[in-house]
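# Coordinate inspection notes
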Amino acid sequence: MACSPAGSHVYDALLASPSVPCKPRRKVLHGLQVSAGPGALLWGSLQRRPTHLTLPCRPQGNYVFLACNKHGSRVLDAIWSRATLPAKRQIAQELAEQEQQLRDDPFGHHLVRNFALTHFLTRRRDWDRHQEAEIKRRELFAEILED
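Just so it is clear, the structure is predicted and the values come from calculations on it, not from any experiment.

Contact geometry for helix H1 (residues 5-16) and helix H4 (residues 72-81): axes closest at 9 Å, N-to-C directions at 10 degrees. On the basis of the axis angle, H1 is roughly parallel to H4. When H1 is examined against H4, the residues Ser 8, His 9, Tyr 11, Asp 12 and Leu 15 are found in contact with a partner set consisting of Arg 74, Val 75, Ala 78 and Ile 79. In the contact of H1 with H4, the residues fall into five nonpolar, two polar and two charged.

In structure tokens, the structure reads:
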């Protein structure tokens, strides 16, 4: 479903909507499956804050499959923008293992750039600091908009 046009919009709306309570969102994301792939992709649950995702298990090979799909890359990008730093590291690690395949892919090369995978491979500490700053910036911006 995550790799279909309608399904990617459903997951995008689910992740972006402040009106979706944490528990139903967690339930839907836990059951997220990539139906076009040979195996099922199960995403982890949400942390207490409904805007940040944590991925307790690492389904080998499925992040690359999502990244190389037109609609799956949209879902992966939406998940990335709301992920915690450990979840981002987990996703980046798997994607970095297949960096060349992603660079050659018409959809994957956008995620290589957006997720700064080259930076992740060559300057891990700088990448970590940048991701932490990005998360803090998003939280501050969200607080300003709430007031």
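This part takes up unusual backbone geometry. Phi at Ala 116 is positive, roughly 55 degrees, even though this residue is not glycine. Looking at the secondary structure, you find Ala 116 in the loop between helix H7 (108-114) and helix H8 (117-122). On the basis of relative accessible area, Ala 116 is assigned to the partly exposed category, the value being 21%.

What follows covers helix H9 (residues 124-146). For H9, built from 23 residues, the straight-helix expectation of 33 Å at 1.5 Å per residue is met to within 8% by its first-to-last C-alpha distance of 33 Å. Buried within H9 are the following residues: Trp 127, Asp 128, Gln 131, Glu 134 and Ile 135. The elements touched by buried residues of H9 are H4, helix H5 (85-97) and H8.

Reading guide: rules and limits
Residues numbered from 1 in each chain as written. Predicted model: local features only at pLDDT ≥ 70, side-chain atom pairs only at ≥ 80, totals over all residues. Heavy atoms only, no water. Axes fitted to C-alpha atoms, helices over the stretch in contact; angles between N-to-C directions. Helix = DSSP H or I, 4+ residues; strand = E, 2+ residues; numbered from the N terminus. Parallel < 35°, antiparallel > 145°, perpendicular 65-115°, else oblique. Contact = heavy atoms within 4.5 Å. Nonpolar A, V, L, I, M, F, W, Y, C, P; charged D, E, K, R; others polar. Buried < 20%, exposed > 50% of the residue type's maximum accessible area, 1.4 Å probe, protein only. Expected span 1.5 Å × (residues − 1).

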